[in-house]
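# Inside the fold
Read off the chains here:
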Amino acid sequence: MSSQSPAPSPVPPSSGGEPRKPRVAVVFGGRSSEHTISVVTAGAVLRAIDRDKYDVLPIGITSEGRWALTADEPERMAIADRVLPSVEGLAETAEGSVLLPVEQGNREVVYAEPGAVPKALGEVDVVFPMLHGPYGEDGTLQGLLELSGVPYVGAGVLASAVGMDKEYMKRVFVSFGLPVGPYEVIRPREWEQDPAAARKKIVDFAGDHGWPVFVKPARAGSSIGISKVDDLAGLDEAIEEARRHDPKILVEALLRGREIECGVLEFEDGPRASVPAEIPPVSTHDFYDFEAKYIDAADGVVPAPLTEEQTARVRELAVRAFEAVSCEGLVRADFFLLDSGEFVINEINTMPGFTPISMYPRMWEASGVSYPELVDRLIQAALRRSTGLR
């Protein structure tokens, strides 16, 4: 599936009229509980960007929301000895802020420190938003970039918002005829005003579909805040854990089968699916949780040991999910292959992890697209697109 990377798209010349390389702002960190994974992902992307082809500007967002100028030192952005990196540890100063333009046509980025004259950092041609979770992956940053007319990698405002909210994601999938598993939603007001009724709603759901159930934040990723609940005794604790990350929670039935993932990437002629991967059962964890993914490095099997028919089916479903949500750039689609032989889509991730052990780049490498080419294609796809209605 490999092909040569496309030539860089034209960018506005420098103020002196000379041609210049496209400038990529890699934005990472953020206010969500996935701050650390965003930093790790951005470090891997910074290592992969071709510096002969692009200029790079790393911008970190702290856990409190300050946009900080950070050093271009990806080696400091990895998990080392189980220590998790943060933007706070990478920021060049404790107070300075990076200011993005907010008016159409202005791509000049400014750096301001208290008591000092703001300093221009130059124009940005495309933003690579390596943010995971709310306040970045959910359409909020995408909306800001649309206002300023700056192209960016990945899904637009609507697709980002739908891809983050598991309830509405599933509703869209159902409307497009994609198979989803049983689920229930507990909205904030339900739990706050009548927890007994909300609890009964979940118990009735378990009565219909059986224990255990999975209780998770409706708008989070990286398996953060998810609990496997075996009976009523552990329910309240699981609800409170999920609500620490999102006041709206999702309850899902246990689906017995194999966990299969598939990547989708936007090429010049449209989206294509990678070879799929399988996430095997993790013997040291109850399910594929945060520590299994990022700390203990649970491994996936690439390509997944599927029949030709099963491989074709899951790749078809992955592209259909990409199209259903109106995604752009990339998606990782997660499925269950049930014991009955049916595929059920669990969710999509509009900005999947790019850590060294992440499944999305591994699936594309097995499909003939190397890590550097993958990053390059995403940047080029963003440069080809306009902002606004499209």
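Per chain, the residues get numbers from 1 upward, laid out in the order the sequence is written. Only residues with pLDDT of at least 70 are given local features in this predicted model, and only at 80 or more are side-chain atom pairs given and counted; all residues enter the totals for whole chains, interfaces and linings. No hydrogens and no water enter the side-chain calculation; it runs on all heavy atoms of the structure.

In this section: the overall build of the protein chain. Counting secondary structure elements, the protein chain contains 11 helices and 16 strands. For the protein chain, whose C-alpha radius of gyration is 21 Å, the value lies close to the compact-globule estimate of 21 Å for 390 residues. With the C-alpha coordinates of the protein chain rotated into their principal frame, the extents come out at 70 × 50 × 45 Å. Considering the protein chain as a whole, with its 390 residues, one finds that 56% of them fall into the buried category. Strands here are runs of E lasting at least two residues and helices are runs of H or I lasting at least four, both read from the DSSP assignment and numbered beginning at the N terminus. A radius of gyration in this sense is built from C-alpha atoms; the matching globule rule multiplies 2.2 Å by the number of residues raised to 0.38. Note on classification: 1.4 Å probe, protein chains only; a residue is buried when its accessible area is under 20% of the maximum for its type, exposed when over 50%, partly exposed between these limits.

Another point: the sheet that holds strand E6 (residues 119–123). Paired strands, in this sense, are two strands between which DSSP finds at least two bridges. The strand order E4-E5-E6 describes an open sheet built from three strands, whose pairing is antiparallel. Only two strands of the sheet have a single partner each, and these edge strands are strand E4 (97–99) and E6. Across the sheet, the axes of successive neighbouring strands diverge by a mean angle of 25°, strand direction being ignored. Alignment of E4 against strand E5 (residues 108–112), held across three bridges, turns out to be antiparallel. Its bridge partner being in E5, valine 98 is matched across the sheet by tyrosine 111. Interaxial angle, 0 to 180 degrees, is taken between N-to-C directions of lines fitted to C-alpha atoms, where a helix line uses only the stretch in contact.

Turning our attention to the pattern of salt bridges. Salt bridges, as used here, are contacts in which a Lys or Arg side-chain nitrogen is within 4 Å of a carboxyl oxygen on Asp or Glu. Counted by the stated rule, this structure contains 31 salt bridges. Between glutamate 316 and arginine 313 there is a salt bridge whose closest N-O contact spans 3.3 Å. Of the two residues, glutamate 316 and arginine 313 are both situated in helix H9 (residues 308–324); the distance of three residues between them amounts to about one turn of the helix. Each of Glu146, Glu266, Glu328, Arg385 and Arg390 takes part in salt bridges that share partners, so that together they form one network.

On to the pairing of E5. Burial of the side chains of E5 is restricted to one face: Val109 and Tyr111 are buried, whereas none of Glu108, Val110 and Ala112 on the reverse face is. Note that E5 and E6 share four bridges and pair antiparallel. Paired with glutamate 108 across the strands is glutamate 123, a residue of E6. Between E5 and E6, which follow one another and run antiparallel, lie six residues, and glycine 115 among them has a positive phi close to 80°.

All right, on to helix H10 (residues 359–366) then. Looking only at H10, the buried set comprises Met359, Tyr360, Pro361, Met363 and Trp364. Any two residues whose heavy atoms approach within 4.5 Å are treated as being in contact. Tucked into the core, H10 has its buried residues touching strand E12 (257–267), strand E13 (270–273), strand E14 (277–279), strand E15 (330–338) and helix H11 (371–384).

The next subject is the nonpolar core. The set of buried Ala, Val, Leu, Ile, Met, Phe, Trp, Tyr and Cys residues whose side-chain atoms join them within 4.5 Å is what this entry labels a nonpolar core. Judged by nonpolar contacts, the single largest core of 36 residues is most densely connected at Val26, Phe28, Ile49, Phe128, Met130, Phe354 and Ile379. Of all the secondary structure elements, the ones that give two or more residues to this core are strand E1 (23–29), helix H1 (35–48), strand E7 (126–131), E12, H10 and H11. Residue contributions to this core peak at seven residues, all from H11. In this structure, Leu306, Ala318, Val319 and Val325 belong to the second largest nonpolar core, which totals 29 residues.

The next point concerns the packing of helix H3 (residues 157–164) against helix H4 (residues 166–175). Across the interface, H3 lies against H4 with an axial gap of 5 Å and an inter-helix angle of 105°. Taken as axis vectors, H3 and H4 run roughly perpendicular relative to one another. Across the interface between the two elements, Val162, Gly163 and Met164 of H3 pack against Lys166, Tyr168, Met169 and Val172 of H4. The residue classification treats Ala, Val, Leu, Ile, Met, Phe, Trp, Tyr, Cys and Pro as nonpolar and Asp, Glu, Lys and Arg as charged. All others, Gly included, are polar. For the contact of H3 with H4, the class distribution of residues is five nonpolar, one polar and one charged. We call two directions roughly parallel when the angle between them is under 35 degrees, roughly antiparallel when it is over 145, roughly perpendicular when it lies between 65 and 115, and oblique otherwise.

Think of a 1 Å grid over the protein atoms and nothing else: a 1.4 Å probe that fits but is trapped marks a cavity, an open set flanked by protein within 12 Å on at least five of seven lines marks a pocket, and residues with an atom within 4 Å of a point count as lining. Grid points are joined across faces, edges and corners, and a volume is the space filled by probe spheres set on the points. For the structure on display, the rule yields three cavities of 30 Å³ or more. By volume, the second largest cavity amounts to about 60 Å³. What lines the second largest cavity is simply Pro129, Leu131, Gly136, Glu137, Gln142, Val153, Gly154, Ala155, Ser160, Thr350 and Met351.

By the element assignment, glutamate 88 lies in the loop between strand E3 (67–69) and E4. Judged by its relative accessible area of 35%, glutamate 88 is partly exposed. As a C-alpha pair, glutamate 88 and arginine 66 span 22 residues in sequence and 9.5 Å in three-dimensional space. If we skip the residues at most four places from it in the chain, glutamate 88 touches His35, Thr62, Ser63 and Glu64. Within 3.5 Å is the distance limit for a polar contact, defined as a pair of N or O atoms, with the added protein rule that one can donate a hydrogen and the other accept it, and that residues adjacent in sequence qualify only through two side-chain atoms. One polar contact links the side chain of glutamate 88 to the main-chain amide nitrogen of serine 63, over a distance of 2.9 Å.

Contact geometry of helix H6 (residues 195–209) with helix H7 (residues 235–243) gives a least axis separation of 11 Å together with a crossing angle of 110°. One finds that H6 runs roughly perpendicular with respect to H7. Mapping the contact onto sequence places Arg199, Ile202 and Val203 in H6 and Leu235, Asp236 and Ile239 in H7. Looking at the contact of H6 with H7 residue by residue, the classes come out as four nonpolar, no polar and two charged.

Under the pairing criterion, centres of Phe, Tyr and Trp rings, with the six-membered ring standing for Trp, must be within 6.5 Å; the plane angle then separates stacked pairs below 30 degrees from edge-to-face pairs above 60, leaving the rest tilted. As enumerated under the stated definition, the model contains four aromatic pairs in all. Between phenylalanine 267 and tryptophan 364, the aromatic rings sit 5.9 Å apart at their centres with planes inclined by 50°, giving tilted as the arrangement. Highlighted residues: phenylalanine 267 in strand E12 and tryptophan 364 in helix H10, separated in sequence by 97 residues. Considered together, phenylalanine 267 and tryptophan 364 belong to a single accessibility category, that of buried residues. Ring centres of phenylalanine 354 and tyrosine 360 lie 5.8 Å apart, and the angle between their planes is 55°; this geometry places the pair in the tilted category. Given the relative accessible area of 0%, phenylalanine 354 is considered buried. The class for tyrosine 360 is buried, based on a relative accessible area of 0%. Joined through ring pairs, the aromatic side chains of Phe354, Tyr360 and Tyr371 make up one cluster. Above the ring of tyrosine 168, the side-chain terminus of arginine 171 is found at 6.0 Å from the ring centroid. The ring of phenylalanine 267 carries arginine 272 above its face, with NZ or CZ at 4.0 Å from the centroid. Counting as a charge over the ring demands two things of the Lys NZ or Arg CZ atom: a distance within 6 Å of the ring centre and an angle within 35 degrees of the ring normal.

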